[in-house]
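# Results of the structural survey
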Amino acid sequence: MAQIPVNISTSGDNTVIPAQTGKTIRVSNIVLSLAGETTVQFKSGTQALSGLQTGLKFILESPGFPGYVMNKEQAFVISLGAAIQTGGTIWFEYI
């Protein structure tokens, strides 16, 4: 299991975990904090994995069960509805 820091502030799609050839990304935990309220959506490449969510904090903890599994060779993307500073940590693995 690896972890990656999140530090994004651009509206629209932000690649957080890059795709790797022949691999699939499995995200198990997400902790995000937003400086203001906007919509957040998680994606596998351009395909939505979640609906639009609104809030200032997002926490996904799924021990023993993958929270989100990307399509093979697709990045994990966080789409922001507005240019709001967003930070946190994501725990994931390439499988």
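Read on for a plain summary of the structure. (Residues numbered from 1 in each chain as written. Predicted model: local features only at pLDDT ≥ 70, side-chain atom pairs only at ≥ 80, totals over all residues. Heavy atoms only, no water.)

What follows deals with the pattern of salt bridges. All chains considered together, the criterion is met by two salt bridges. Residues K43 and D13 are paired through a salt bridge, measuring 2.9 Å at the closest nitrogen-oxygen approach. Of this pair, K43 sits in strand β3 (residues 25-44) while D13 is found in strand β2 (residues 12-17), placing the two residues 30 residues apart along the sequence. Judged by relative accessible area, which is 12%, K43 ranks as buried. Measuring nitrogen to oxygen at the nearest pair gives 2.6 Å for the salt bridge that ties E93 to R26. Of this pair, E93 sits in strand β8 (residues 86-94) while R26 is found in strand β3, placing the two residues 67 residues apart along the sequence. (Salt bridge = Lys/Arg side-chain N within 4 Å of Asp/Glu carboxyl O. Helix = DSSP H or I, 4+ residues; strand = E, 2+ residues; numbered from the N terminus. Buried < 20%, exposed > 50% of the residue type's maximum accessible area, 1.4 Å probe, protein only.)

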